[in-house]
Amino acid sequence: MKILHRAVTVLGLSADKKGRNRSIRRKMLNNKAYTGSLTILVATAALALSSAAFASSSALLHASLQTDVLPQPSSKQTNHVKSESKNTTSMACGNVSVQVLGSGGPELDDGRTSSAYLIWVNNKARVLVDAGSGSSVQFGAAGASFETLDAILLSHLHTDHSADLPSFVKGGYFTNREKNLWVIGPDGNGTMPSTNAYVISLIGEEGAFKYLSSYTIDGKDDYTISTKSVASATLKKPFEYAVNSDISVQAMSVNHGPIPTLAWKVKANGCEAVFSGDTNDKEGNLSRFAKNADLLVLHNAIDDNAGRVAKNLHMTPTQIVDIATQSKAKRIVLSHIMKRSESGLDALTEAITVVAEARVYAAQELMNIELLDDN
């Protein structure tokens, strides 16, 4: 039953369910000399390697920058990055990909959508991690279907990670969705509301968009949105939830200054994808939470020379190199790129390539990375 909001919707309008193929605009990065601690890190790593090992690392770097187009999960999905492994005869991980809907932060002029990642399982969009500004538009551009989405996982409630939630709900009105939807995120504190309170404040019966409140009341509309606030989740005792028989998720609390924040792990078809969220990794647990992950998304928002406040919120490039190396993740995606960190992106990518075994990607909108077991 589509009630209240049906009356205020112009019935003559229809959703364009075919999406749009969007041209991917990638900024040309500055080819400047490496600076600061990343310069030292790359040089030290290179000297520590034998000439043969260094040549191998260089070849790996070259390979990591080569991508080609795979057959797409839907006729509209774009920029599907092919895995480096073609051996599918004995893989334990397969038919899963992670697509970048937004690779930026809260800046207005960085040319990027705010943070959001889509997990495809068996060619269907199943889990959304974060819903930053503009992500609902990119969801359509990716050819994703709202009907197949099982859960929206929020790392925290800063606008560049959560602002588009009402847009997804309203846009979903123009679909045939009937199954319930979970929205799961952190609990609140004196600075931020809980995820439960956040959703109610937006689309509850007294919310900012209360005309959408029927979706929060069981039996009132075609589907119901259920929420869960994660209060305490540690490395030893993470929050765990089985989305369905095919997909499960875990969350671990991470430090993002005074903001309650979660790192997320999504498991599907034998694959594990981990999303750091915004954090300075004060506890030092991120590499262990992501141990041997098939893909690890790390947020690169500051440089090594950032001030105290910024370092209380975000990890430095040097920390990112250490986490990438210690986690032994198979693929590293550098994302949440801001203008203050973008100039060092080339150096950071090369540093990780030299000292870690992972294949490294600098995130760009609609990039879709397929996860395959390399054995």
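Keep in mind that what you see is a predicted model, and the values were worked out from it rather than measured.

Inspection of helix α6 (residues 195-203) places T195, Y198, V199, L202 and I203 among the buried residues, and these make up the whole buried set. Projection of α6 onto a plane perpendicular to its axis shows the buried side chains occupying an angular sector of 95°, all on one side. Tucked inside the fold, the buried residues of α6 contact α4 (159-162), α5 (165-172), β6 (181-186) and β7 (225-230).

We note that D130 has phi near 70°; this positive angle belongs to a residue other than glycine. Mapped onto the elements of the fold, D130 is located in the loop between β4 (124-129) and α3 (135-141). The exposure class assigned to D130 is buried, which follows from its relative accessible area of 1%. Here the phi dihedral of H336 falls at roughly 50°; this positive angle occurs in a residue that is not glycine. Mapped onto the elements, H336 comes out in the loop between β13 (331-335) and α10 (339-342).

Glancing now at the state of the cysteines. On inspection of all chains with the given rule, the structure shows one disulfide. A sulfur-sulfur distance of 1.9 Å marks the disulfide that ties C93 to C271. Its S-S torsion of about 105° marks the bond between C93 and C271 as right-handed, since a negative value means left-handed. Here C93, found in the loop between β1 (80-81) and β2 (96-102), pairs with C271, found in strand β11 (residues 271-275); they are 178 residues apart in sequence, far enough to count as distant.

Time to look at the environment of S214. Counting through the fold element by element, S214 comes out in the loop between α6 and β7. It is 8.1 Å that separates the C-alpha atoms of S214 and G204, two residues lying ten residues apart in sequence.

Thresholds, definitions, all that
- Counting restarts for each chain, with residues numbered from 1 along the sequence as it is written.
- The model is predicted, so local features are restricted to residues of pLDDT at least 70 and side-chain atom pairs to those at 80 or more, both for listing and for counting; the totals for chains, interfaces and linings are taken over all residues.
- Only hydrogens and water are set aside when side-chain values are computed; all heavy atoms of the structure are taken into account.
- Using a 1.4 Å probe on the protein chains alone, a residue whose accessible area is under 20% of its type maximum counts as buried, one over 50% counts as exposed, and one in between counts as partly exposed.
- Elements are defined by DSSP. Helices are runs of H or I of four residues or more, strands are runs of E of two residues or more, and each kind is numbered from the N terminus.
- Working definition: the arc comes from the directions between the helix axis and the C-beta atoms, pointing outward to the latter.
- Contact definition: two residues touch when any of their heavy atoms are within 4.5 Å.
- Two cysteine sulfurs form what is called a disulfide whenever their separation falls within 2.5 Å.

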